[in-house]
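Given next are the chains, with one letter for each unit.
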Amino acid sequence: MSDTTVMLPEGGEGVLNNVFSPYADYFIDMIGQRNTHIATEPVGIYESQVKHYICQDYFDHEQKELWKKIPQFIAPIQTLEKIGDFITVDYQGRVPMIVSKVDDNHCAVFENVCPHRGARLEHNKEGCKKAFVCPYHSWSFSHQGHLIAARWREAFPEIPDQYRSLNSINVQQRFSMLWQMPGEPNPDFSLEHWFSAIDEQISDIGFEQHQLLNSRERMINANWKLLIENFIEYYHVQSLHRNSLAPTLNGQLYSLDSFAQHGRILTPLKNLAQVRQQTPHKTRREMVATYLLFPNVIIGVQPYHVFVSFYHPVSVNQTWSKTFNFIHKADEGISEVCQLDVEYLAEALEEDYEAIEQVQRNLETCTAPSLLYGEAESLIGQLHRNLAAILHQSGKEANRA
Ligand code: FES
Ligand SMILES: [Fe+2]
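Residues numbered from 1 in each chain as written. Chains lettered and ligands numbered in written order. Predicted model: local features only at pLDDT ≥ 70, side-chain atom pairs only at ≥ 80, totals over all residues.

Draft legend 1. Focus on the overall build of the protein chain. Regarding its fold elements, the protein chain presents eleven helices and 21 strands. Here the C-alpha radius of gyration of the protein chain, 23 Å, is about what a compact globule of 401 residues would show, namely 21 Å. Projecting the C-alpha coordinates of the protein chain onto the three principal axes gives extents of approximately 85 × 55 × 40 Å. Put simply, the protein chain has 401 residues, and 36% of those count as buried. (Helix = DSSP H or I, 4+ residues; strand = E, 2+ residues; numbered from the N terminus. Rg over C-alpha atoms; globule rule 2.2 N^0.38 Å. Buried ≥ 20, exposed ≤ 12 C-beta atoms within 10 Å, placed from the backbone.)

Here it is, written out as C-alpha cells:
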C-alpha cells in the first residue's frame, strides 16, 4: 500500500480517513491489475454445526455462558444533552430501561420498573424530567433514581431500602454508546481492554460528531448468529443483492481483518479510482467499512451515513434488532443525500432478512449436520472460534463447531 499525501479532509468527508486512504490506493492498484481479491489470512475452510442455530440446549448454554460474561450494547447517547434528559429503551427479551442524564458527563440506566409493585414507570420514549411519577400509585423518583415521595406515606410504617430506589444497571460509556457491564462479577473485566484492539478505529469514526437521524426496530425469525454472519461477509452481495447493492459496490475486492475478537471488512465502490484521482479528499464517499464489535453489534460506515445495529437473541430462532442511523454534523446541508443512503441500505437489508429467515426454516427441517464457509467468509470462522473460546469448548471442537 502506498502512502498518499492529501490534505486531511474535515467533517463528514474525513470520517475514517486514516483507515480508508491507504486501502483506497491498494484497491485501485488491484483494480488496475484487473484482480479479484480477498485480503485475508489463509485460514482454509470452516464448518459450523447446524445444531448451533436450532438447538434449545445450545441457546440456553449461550444465555448462561456467553451473554452474562460480555458487555451488552444499550443505546447511543447523542439525544441526551441536558441534565434530566431521558430515553426509554425497550428490547424484547430484556428488562425495559430508562437512560437518564444525571450530570454533565454521565448517564445512569435504571430498570423502568417501579419498585412498589412493578408497574412501568415511564411511558414516553424520550423527554426531560426532574422526576418520574409512577402511573399506578404515584410514587415519584428523581432523575437519579431515588424515591422522592410515596403517596399516602402514613400507610407505610416503613419503606425498606430496596424500595427506595430504582434498580440500577451497571453501565459504562464508550464511543458515545452505553454498554451494560457483564452480569457475572469479574474484577478483571474492563471495557477499555475489551475494545482495545479496535478502539482507535471506532473512535476515529467520531460518533460525538454525529447526530441521530432515525432508528428502526425489527424482529427477525432467525438465530442471532445467522444475522451477524450475514454482515461479516460480502460474498453474498453479487448474488443476493444483484439488483440493489451490486450495481454500486465493486463486489470483487475486499479486505477482511480481525482485531482481537472484533472484525472489519473494507470494500471499494465502483467509482473509487475516479473519485480518488479527481477529489482525493472525498475517498470516504466511495468506500464502505463494516465493523463487528464482538459478538452482536455491527457498525457500518457508509458513504453518507454511519449505522449501529445490534442483534439481541430473544429465542433460538428469534432475534430482535435495532438500527440507529447517524449523519455527521458537517453533512447536515446534504441530509437529503444521507437520507437516501439510509433508505438504499434499508432496502438491501430486507433482502438479507428474507433470505436469512428462509435459511433458519431450512436448518430446522433439513438433515445436513453442518454448513461450509470459504476464505471470503473468514470472519465467520473467526466469530465462531471466539464464541467457542468463551463457551469453553476445546480448539478442535471449536473449529468443527
Ligand atoms: S407500582 Fe408504582 S406506585 Fe405503585
Ligand atoms: Fe446483505
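Structure's up, so let's keep going.
Draft legend 2. Quick peek at the packing of helix α6 (residues 224-231) against helix α9 (residues 335-365). Taken N-terminus to C-terminus, the directions of α6 and α9 make an angle of 135°; their axes are 10 Å apart at the nearest point. Here α6 lies oblique to α9, going by the angle between them. The element α6 and its partner α9 pack so that their crossing is right-handed. Where α6 abuts α9, its residues Leu 226, Leu 227 and Asn 230 lie against Asp 352, Ile 356, Val 359 and Gln 360. Split by residue class, the contact of α6 with α9 holds four nonpolar, two polar and one charged. (Axes fitted to C-alpha atoms, helices over the stretch in contact; angles between N-to-C directions. Parallel < 35°, antiparallel > 145°, perpendicular 65-115°, else oblique. Left-handed = near helix turned anticlockwise from the far one by under 90°. Contact = placed C-beta atoms within 7 Å. Nonpolar A, V, L, I, M, F, W, Y, C, P; charged D, E, K, R; others polar.)

Draft legend 3. How the structure looks around the confidence of the model for the protein chain. Of all residues in the protein chain, 94% attain a pLDDT of 70 or more, and the chain-wide mean is 92. Note on residues 394-401: pLDDT is under 50 here. Beyond four places in sequence and across chains, it has 14 contacts. (pLDDT = per-residue confidence, 0-100.)

Draft legend 4. Region of interest: α9. When the terminal C-alpha atoms of α9 are compared, their 45 Å separation across 31 residues agrees well with the 45 Å that a helix rising 1.5 Å per residue should span. What α9 keeps buried is the set Cys 338, Asp 341, Leu 349, Ile 356 and Gln 360. Where α9 is buried, its residues contact α2 (51-54), β14 (210-220), α6 and β20 (318-328). (Expected span 1.5 Å × (residues − 1).)

Draft legend 5. Expanded view of the UniProt feature "domain: Rieske" (unreviewed entry) in the protein chain. As annotated in UniProt, the feature "domain: Rieske" (unreviewed entry) corresponds to residues 71-180 in the numbering used here. The span residues 71-180 carries 0% helix and 41% strand; its end-to-end C-alpha distance comes to 5 Å. (UniProt positions renumbered as here; feature names shortened; annotations may be inferred.)

Draft legend 6. Representation of the nonpolar core. Ile 74, Val 99, Leu 178, Leu 292 and Ile 299 are the most contacted members of the largest nonpolar core, which has 81 residues in total. It is strand β17 (residues 287-293) that provides the largest number of residues to this core, a total of six residues. Mapping this core onto the domain boundaries places at least three of its residues in each of domain 1 (17-65 + 198-396) and domain 2 (72-180). Not counting residues within four places of it along the chain, the set of residues in contact with Leu 178 comprises Ile 74, Ala 75, Ile 77, Val 99, Cys 107, Val 109, Val 171 and Gln 173. (Core = buried A, V, L, I, M, F, W, Y, C linked by C-beta atoms within 7 Å. Domains from an automatic or database assignment.)

Draft legend 7. Main features of the domain arrangement of the protein chain. Looking at the protein chain, the domain boundaries give domain 1 (17-65 + 198-396) and domain 2 (72-180). Between the C-alpha centres of domain 1 and domain 2 there is a distance of 33 Å. The interface is formed by 16 residues belonging to domain 1 together with ten residues belonging to domain 2. Going through the elements one at a time, α5 (199-205), β14, β19 (306-315) and β20 are the ones with two or more residues in the side of domain 1 that touches domain 2. Partitioned by chemical class, the residues of the side of domain 1 that touches domain 2 number ten nonpolar, four polar and two charged.

Draft legend 8. Quick peek at the environment of Glu 286. In this fold, Glu 286 is placed in the loop between α8 (272-278) and β17. Here the alpha-carbon distance between Glu 286 and Glu 122, two residues 164 residues apart in the chain, equals 43 Å. With residues near it in sequence (within four places) discarded, Glu 286 still touches Pro 268, Leu 269, Asn 271, Leu 272, Val 275 and Pro 303.

Draft legend 9. Spotlight on the sheet that holds strand β12 (residues 171-174). Taking strand neighbours across the sheet as the criterion, the three strands line up as β3-β13-β12 in an open arrangement whose pairing is antiparallel. Each edge of the open sheet is held by one strand with a lone partner, namely β3 (72-76) and β12. Within this sheet the neighbouring strands show an average axis-to-axis angle of 30°, counted without direction. Bridge count between β12 and strand β13 (residues 177-180): four bridges; the pairing is antiparallel. (Pairing = 2+ DSSP bridges.)

Draft legend 10. The arrangement of the environment of Arg 34 in detail. Looking at the element boundaries, Arg 34 is found in the loop between α1 (17-32) and β1 (37-39). Distance in space between the C-alpha atoms of Arg 34 and Gln 252 is 9.8 Å, their sequence separation being 218 residues.

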